[in-house]
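# Tertiary structure, described
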Amino acid sequence: MKKKTIATLFTLVLAFSAVGCGAKSEPATETAAEAETTEDAATEESTEEATAEASEETTEETAEEATEEAATEESTEATGDVMTHADYVAADLDSEVTVETYVQAKQGWWENEGVGNATFYTQAEDGAYFIYNMPCSQEEYDKLEAGTKIKVTGYKSEWSGEVEITDAKFEIEDGNYVAEATDVTSMLADDSIIDHQNEYVAFTDMVVEASKDADGNDAAFLYNYDGSGSQGDDLYFNVSADGKTYTFTVESYLCDKDSDVYKAVENLKVGDTVDMKGFLYWYEGVNPHITEVTVK
């Protein structure tokens, strides 16, 4: 009996042990499953986030590219209805204007913060325009020879009486025109000469008058307006017609020190009679930029 009792007890102990082992292993299995589920969820969430970020990034890049393309297209397009020169003259300052005109001379090209800029004397059959500091690549500038037709959209501006087009865009069009010089000598003392502002013009039989250099001596010309400059700077000289004296200029960007007109003015003498051609620039009054001088 004692052995049976002991055996029975041993059996019961084994049974309880088996139950105890079973109770411990089941949660471990659930924990593993939960971990796997959590890992799957985390993986799925990460995938969704990565997909969303990639999609968002792609959308932003596409929008940026579209904006850049639009800006590029905008920067090379001259928009607006083409105006006559009379419409341009009548337009308010600071208003947007669009004209078709022809390059007559290039004042110069330079680069500012990676952007090329250029200034032009231009003219159409009905009037002239001065286009100042227009964005223009070196390649485009090289294509714009005298006579090239361009369409320009910009803003009508004024500086010391000089009316010009600024903040402009342009495009090259088919066509060619080079203006003949209009003799405006007889109009110099007349207010109507402003109607020819920026045109290619001529002056005949004008007499070189003395200017005062930096030391107070008479001179036929000055380097800079006050004689403070040196060779290579703008040349200023006085000429008269009908008893009135005017200051003309050889603008060094337009005609440098090696040009024929620059050398001709350096050789002027007070009392010389000269014929001249150039562009009717304006600075507080008539201030032609001379491109040709012939001493008679």
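Anyway, here's the lowdown on the structure attached to this text. (Residues numbered from 1 in each chain as written. Predicted model: local features only at pLDDT ≥ 70, side-chain atom pairs only at ≥ 80, totals over all residues. Heavy atoms only, no water.)

Put simply, the largest pocket is a space of about 430 Å³. Looking at the largest pocket, it is lined by 18 residues, and the ones nearest its centre are Trp 159, Tyr 236, Tyr 281, Tyr 283 and His 289. Of all the secondary structure elements, the ones that give two or more residues to the lining of the largest pocket are strand E3 (127–135) and strand E12 (244–250). Within the lining of the largest pocket, the residues separate by chemical class into eight nonpolar, six polar and four charged. (1 Å grid on protein atoms, 1.4 Å probe; cavity = no way out; pocket = protein on both sides within 12 Å on 5 of 7 lines; lining within 4 Å. Points joined across faces, edges and corners; volume = space filled by probe spheres on them. Helix = DSSP H or I, 4+ residues; strand = E, 2+ residues; numbered from the N terminus. Nonpolar A, V, L, I, M, F, W, Y, C, P; charged D, E, K, R; others polar.)

Summed over all chains, the structure comprises five salt bridges. Note that Asp 218 and Lys 212 form a salt bridge whose closest N and O atoms lie 2.7 Å from each other. In this structure, Lys 296 engages Asp 275 in a salt bridge whose closest nitrogen and oxygen atoms are separated by 3.2 Å. Here Lys 296 is found in the segment after strand E14 (289–295), whereas its partner Asp 275 is found in strand E13 (residues 273–279), with 21 residues between them in sequence. Residue class for Asp 275 comes out partly exposed when judged on its relative accessible area of 21%. Salt bridges here are not isolated pairs; linked through shared partners, they connect Asp 205, Asp 275 and Lys 296. (Salt bridge = Lys/Arg side-chain N within 4 Å of Asp/Glu carboxyl O. Buried < 20%, exposed > 50% of the residue type's maximum accessible area, 1.4 Å probe, protein only.)

Position of Lys 149 relative to the elements: it lies in strand E4 (residues 148–159). For Lys 149, a relative accessible area of 15% puts it in the buried group.

Attention now moves to the pairing of strand E7 (residues 200–209). In this structure, strand E6 (residues 182–183) lies alongside E7, joined through two bridges in parallel fashion. For Thr 182, the partnering residue across the bridge sits in E7 and is Val 201. Summarising the sheet, E7 and E13 pair through six bridges and their orientation is antiparallel. Across the sheet, the residue bridging to Tyr 200 is Phe 279, located in E13. Pairing between E7 and strand E11 (residues 235–241): three bridges, direction antiparallel. Across the sheet, the residue bridging to Val 207 is Ser 240, located in E11. (Pairing = 2+ DSSP bridges.)

As a further point, take the environment of Glu 96. With respect to the helices and strands, the residue Glu 96 is situated in strand E1 (residues 96–112). Judged by relative accessible area, which is 46%, Glu 96 ranks as partly exposed. Glu 96 sits 57 residues away from Thr 153 along the chain, and the two C-alpha atoms are 7.1 Å apart. Apart from residues no more than four positions distant in its own chain, Glu 96 is found in contact with Thr 153, Gly 154 and Tyr 155. (Contact = heavy atoms within 4.5 Å.)

Turning to the environment of Phe 248, a few remarks are in order. Looking at where Phe 248 falls in the secondary structure, it is placed in strand E12. With near-sequence residues (within four places) excluded, Phe 248 lies in contact with Phe 203, Met 206, Leu 235, Tyr 236, Phe 237, Val 239, Met 276, Asn 287, Pro 288 and Ile 290.

Applying the stated criterion across every chain, the model contains 11 aromatic pairs. Judged by centre distance (5.5 Å) and plane angle (40°), the rings of Trp 159 and Tyr 283 are tilted. With a gap of 124 residues between them, Trp 159 in strand E4 and Tyr 283 in the loop between E13 and E14 connect regions that are remote in the sequence. Since its relative accessible area comes to 42%, Tyr 283 is described here as partly exposed. Sitting over the face of the ring of Tyr 141, Lys 106 holds its NZ or CZ atom 4.2 Å from the ring centroid. Residue placement shows Lys 156 over the ring face of Tyr 88; its charged tip is 5.3 Å from the ring centre. (Phe/Tyr/Trp six-rings, centres within 6.5 Å; stacked < 30°, edge-to-face > 60°. Lys NZ or Arg CZ within 6 Å of the ring centre and 35° of its normal.)

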